[in-house]
Amino acid sequence: MFNNLIKHSIRSFKRQRAYIIINVLGLSIGIACSLLIAIFVINEASYDKFNVKKDRIVRLILNGKIGGQELTAAYTSSAMGPTMAKEFPEVEDYLRMTGRGPTIVEYNNQTFTEEHMIEADSSFFNFFSIPVIKGDPKNLLNAPRKVVLSESMAKKIFGNENPIDKPLKIGSDSARYTVSGVMANVPENSHFEANIISSFMTNPLSKSPIWLNNSLSTYLLLKPKSSYTTVDQKIPELLIKYVGPEIQRFMGISIADFAAQGNKYRFYCQNLTDIHLDPLIQQQFKQPSDPKYLKIFGSIAILIILIAAINFMNLSTAQSARRAKEVGIKKIGGSSREMLITQFLSESFILSFISLLIALLIIKVTLPYFNNLLGATLKLNLLKNWYTIPVMILFSVVVGFLSGVYPAFFLSSFNPYEVLKGSVKNSMKNGRLRRVLVVFQFAVSILLIVCTMVMYRQIKYMLNKDVGFNKEQLIVINRTEALGTRMKSFKEAVKGISGVINIASSTAVPGRENSNSGYMMEGRKDETFLMQTNFVDEDYIATYGMTIESGRPFDKSHSTDQGACLVNETAIKNFAIKDIEKTRFITPGDSSNAKYLQVIGVVKNFNFVSLRNPIGPYIFNMKKDQMIGGYLSVKLSAQNYAKTIAEIENKWKEYTENNPLQYYFVDADFERMYIQEKQNAQMAVIFSILAIFIAALGLFGLTSFTVEQRTKEIGVRKAMGSSIPGIYFVISREVIILVSISAIIAWPLIYYIASKWLENFYYKINLGVFSFVAGLAIALGIAILTISYRILSAARVNPAQSLKYE
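Residues numbered from 1 in each chain as written. Predicted model: local features only at pLDDT ≥ 70, side-chain atom pairs only at ≥ 80, totals over all residues. Heavy atoms only, no water.

Participant: Please set out the overall build of the protein residue by residue, giving values where relevant.
Facilitator: Secondary structure summary: the protein contains 24 helices and 24 strands in total. For the protein, the residues scored as buried account for 51% of the 806 residues in total. A separation threshold of at least 6 residues defines the contact pool for the protein, and within that pool the share at least 24 residues apart is 80%. With an accessible surface of roughly 36600 Å², the protein has 57% of that area assigned to carbon and sulfur atoms. (Helix = DSSP H or I, 4+ residues; strand = E, 2+ residues; numbered from the N terminus. Buried < 20%, exposed > 50% of the residue type's maximum accessible area, 1.4 Å probe, protein only. Contact = heavy atoms within 4.5 Å. Areas by Shrake-Rupley, 256 points an atom, 1.4 Å probe, with all protein chains shown as cover.)

This is how it looks when you write it as structure tokens:
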């Protein structure tokens, strides 16, 4: 029986070659798109799951609110982890980690720049399942100035030489570090990147007893069968015990009064495997992914495969008039309806399996492009897991069933008597279901087109919006600690370069992570005010082209400016400040060392973080010459700035004993903040094009069938004097109506989806009507182009030939 089914299927394929090619092409592209998205989604959802103890590892999250400003961040104090391990029986071990940022490594007079260096406790390899290639895992980071290198970093620095016990100069530290081990490269699907890990105990911060100094990440390894919810319940009592006295000491109020004022200071545990998909938490390692996009692309995958399956249904039912005679003869010859259903479904399964094979080939060819687009390392590894191939085959069967189930039941339902009378053939010209399916296909296509246009408009808006300062021709120099106490003299030397307009020193720059600090205000000591804090010199405001709304900027001729500050407009509004001359902020501390800061000016609001977020309160404090480190921002003239940067680099090497200069352009860095949106928009464009291409393939096939069915009608119309444009309009009118109905159906859904997506951004575009009308115009244009060739070809045929067709 199976052999007979195969033979019947092959004969059917030969008779329907053109339609089969369209079906297979549509299904192949649909399956390829769905599998590509599935690989992407699975990769994103698999972060940190390589860790053997993943179910027992949690990260501590700070959730605070001071002065109406709320903060959720993966930062803790240095003392929190050791104390919890000591006092909570549920905690087996703790790990503290912090990033060092771009770092210079020197060995044998060769220097290497490393972007991904972290400091970690000796428990690091007890938490994360990263194989140790060389060295004793228990003693890798158990003493100051020990470092572990990734396999690729060890190869880069030492080549084939054994790196163990070799000395390295790291950063500006005069003492040498010792290589204690080599580990395998950190997997791509880890929430952090690290090519160098140094012992955290080298950092003086590791011994800090201050609980309110939250600047590093703390992880806990829970004992087997312990629950993180139990730990969560015990944290408030711990904070009362250790944080309460510090709030009393630095702010002069009890922790109960602090909370009664509407403030909040709490911690909770976050599962390790949840880290990568939680974009609401500030963190110092990899930028997390937004799970909304995984849901969006998962939905797109389903819609594309549905469009491809609908093509199959449409074309199969459209050809029913051709196959009606075959069905009638087989039924008269004794074939049951069940046998015919089995045959038609078998044809569908065979085509689906062939499409799967072609789809896998498409993925193999296009995957490098997607990796380049996403900055990822997605792989198609069919043999990695035993279940991959069976799941692929099952997917092919499901697609084949979805595509073929309706045509199989529809075709097998024909009555032999009706077939011989020709009634079936005439009824096929109605095609109500086909019209409904075409409307669905183009509704989905228009949805994808318009949503993609909205994404691109929002990205363009974010990149071009006035952010409150001039980010063009502005570079930022990292690692200024390499200058040591020579910062001021280096600044003066750079100012002397002809292409340099200005240069400024600061502890923070727009677009990069910054610290929040709590302040009190003179006369309002019962209140606490949280602000982003930046220590800047007198050139900072001018270098960035910021606007002073009232008051004045810092001025080195005013000796009192060391005890002064500038705030932004949001601080003035949120804190209800009426008169800046009568306003002094107080830095928290003992009454003996509390510092009063007179507000001397108000800076016009500027976007110091992504446009996803509103502008919060911001304070500029005067930077003392003794403060080492931070950033140098250099404003360049537009002419020949490459030459100017080269001159700055020469000065830098002169002042830092030949250390390489590390810098970036501020405008490019701001674009980097929206890299995920740009990547997702590019993916959406690709899948929108493919979706409408699949829909157009089906429309081309349906138009070909319609033209065949109406060949005699076309001949009659031409014989009666109709022009080619007239005939074109009569046949294309239905397609134009169907696409227009698709747009009307899609528009409300588009409005809802686009509005929900734009809620992610505080600063956003207005949807307007342009994108909606443009989506309809594009879909209509593609539909008309798709059908024009086939209709015009038929309209040009001699009427005498057309009238003989049937």
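From this point on, the discussion continues.
Participant: Which residues make up the packing of aromatic side chains, and what values go with them?
Facilitator: With the rule as written, the count across this model stands at 34 aromatic pairs. One residue, K234, lies across the ring of F88, its end atom 5.9 Å from the ring centre. Positioned over the ring face of F670 is K471, at 5.9 Å from the centre of the ring. (Phe/Tyr/Trp six-rings, centres within 6.5 Å; stacked < 30°, edge-to-face > 60°. Lys NZ or Arg CZ within 6 Å of the ring centre and 35° of its normal.)

Participant: Residue-level account of the pairing of strand β8 (residues 146-150), with values.
Facilitator: The element β8 is extensively covered by neighbouring structure, given that four of its five residues are classed as buried. Across five bridges, β8 lies against strand β10 (residues 177-183) in parallel orientation. Counted as the bridge partner of K146 is T178 from β10. The pairing of β8 with strand β11 (residues 196-199) spans three bridges and is antiparallel. Within β11, the residue paired with V148 across the bridge is I197. (Pairing = 2+ DSSP bridges.)

Participant: How would you sum up empty space enclosed by the protein? Please name residues and give values.
Facilitator: Under the counting rule described, the total for this entry stands at two cavities of 30 Å³ or more. Approximately 30 Å³ is the volume attributed to the second largest cavity. For the second largest cavity, the full set of lining residues is A508, V509, P510, G511, R512, N514, Q532, F608, V609 and Y618. (1 Å grid on protein atoms, 1.4 Å probe; cavity = no way out; pocket = protein on both sides within 12 Å on 5 of 7 lines; lining within 4 Å. Points joined across faces, edges and corners; volume = space filled by probe spheres on them.)

Participant: How would you summarise the layout of surface pockets if you had to cite specific residues and measurements?
Facilitator: If you add up the space inside the second largest pocket, you get close to 1000 Å³. Looking at the lining of the second largest pocket, the elements that each hand over two or more residues are α2 (17-45) and α11 (388-411). With five residues, α2 is the largest single contributor of residues to the lining of the second largest pocket. Here the residues of the lining of the second largest pocket are counted per class, giving 17 nonpolar, nine polar and four charged. (Nonpolar A, V, L, I, M, F, W, Y, C, P; charged D, E, K, R; others polar.)

Participant: Account for the nonpolar core, with residues named and values stated.
Facilitator: With 110 residues, the main nonpolar core has F442, M546, F620, F687 and V739 as its most contacted residues. No other element matches helix α14 (residues 432-464), which puts 16 residues into this core. Once residues lying within four places of it in the same chain are set aside, the contact partners of V739 are F442, I446, L776, A779, L780 and A783. One finds L60, M80, L222 and I586 within the second-largest nonpolar core, a separate group that totals 30 residues. (Core = buried A, V, L, I, M, F, W, Y, C linked by side-chain atoms within 4.5 Å.)

Participant: Give me the lowdown on the side chain of T644, citing residues and values where you can.
Facilitator: Inspection of the secondary structure puts T644 in helix α18 (residues 641-655). Beyond its immediate stretch of four places on either side in the chain, T644 contacts I497, G499, V500 and L636.

Participant: Give a detailed account of the environment of Y663, specifying residues and quantitative values.
Facilitator: Position of Y663 among the secondary structure elements: in strand β24 (residues 663-665). On a C-alpha basis, the gap between Y663 and S633 in space is 9.3 Å, while along the polypeptide they are 30 residues apart. When sequence neighbours within four positions are dropped, the list of residues in contact with Y663 reads I475, V476, I477 and I645.

Participant: Could you give me a rundown of unusual backbone geometry, with the residues and numbers involved?
Facilitator: With glycine set apart, most residues show a phi of negative sign, and most peptide bonds adopt trans. Positive phi, close to 65°, is recorded for N109, a residue that is not glycine. By secondary structure assignment, the location of N109 is in the loop between β4 (103-107) and β5 (110-114). In this structure, D165 is a non-glycine residue whose phi angle is positive, near 70°. Given a relative accessible area of 58%, D165 falls into the exposed group.

Participant: Describe the packing of helix α15 (residues 487-495) against α18, with residues and values.
Facilitator: For any two helices packed against each other, the geometry is given by the interaxial angle and the distance between the axes. The N-to-C vectors of α15 and α18 enclose an angle of 155°; their axes lie 10 Å apart at closest approach. With respect to each other, α15 and α18 are oriented roughly antiparallel. The crossing of α15 and α18 is right-handed. Touching S489, F490, A493 and V494 of α15 are I648, K651, W652 and Y655, all from α18. (Axes fitted to C-alpha atoms, helices over the stretch in contact; angles between N-to-C directions. Parallel < 35°, antiparallel > 145°, perpendicular 65-115°, else oblique. Left-handed = near helix turned anticlockwise from the far one by under 90°.)

Participant: Which residues make up α18, and what are the values?
Facilitator: Under the 1.5 Å per step criterion, the end-to-end length of α18 is 21 Å for 15 residues, consistent within 8% with the ideal 21 Å. The inward-facing, buried residues of α18 abut β14 (474-477), α15, β15 (500-506), β23 (631-636) and β24. Just beyond α18, the residue with positive phi is E657, at close to 55°. (Expected span 1.5 Å × (residues − 1).)

Participant: Outline the pairing of β14, supporting the account with residue identities and numerical values.
Facilitator: Side chains L474 and V476 of β14 all project onto a buried face; the interleaved residues I475 and I477 project onto the opposite face, where all are buried too. With four bridges connecting them, β14 and β23 associate as antiparallel partners. Its bridge partner being in β23, I475 is matched across the sheet by V634. As paired strands, β14 and β24 are joined by three bridges and run antiparallel to one another. The residue of β24 that forms the bridge with I477 is Y663.

Participant: Go over the pattern of salt bridges, please, and point to the residues and values.
Facilitator: When the charged atoms of two side chains lie near each other, side chains of opposite charge can form a pair. Tallying each qualifying case throughout the model produces 15 salt bridges. Between R56 and E92 there is a salt bridge; the shortest N-O distance is 2.7 Å. Here E92 lies in strand β3 (residues 91-99) and R56 lies in the loop between α2 and β1 (57-66), a separation of 36 residues in the sequence. Relative accessible area serves as the criterion here: at 21%, R56 is assigned to the partly exposed category. Taking the relative accessible area as the measure of exposure, E92 reaches 38% and is therefore partly exposed. (Salt bridge = Lys/Arg side-chain N within 4 Å of Asp/Glu carboxyl O.)

Participant: Describe in detail the packing of helix α3 (residues 80-87) against helix α6 (residues 228-251), supporting the description with residues and values.
Facilitator: Two elements in contact, α3 and α6, have axes separated by 12 Å at closest approach and are oriented at 115°. Relative to α6, the crossing made by α3 is right-handed. Residues M80, T83, M84 and E87 of α3 form the contact with α6, whose participating residues are V231, I235, L238, L239, K241 and Y242. Split by residue class, the contact of α3 with α6 holds seven nonpolar, one polar and two charged.

Participant: So, the confidence of the model for the protein: which residues are in play, and what are the values?
Facilitator: Averaged over the protein, the pLDDT score is 81; the fraction of residues at 70 or greater is 85%. Here residues 426-430 is a poorly scored stretch, pLDDT under 50, and it has eight contacts once near neighbours within four places are set aside; other chains count. (pLDDT = per-residue confidence, 0-100.)

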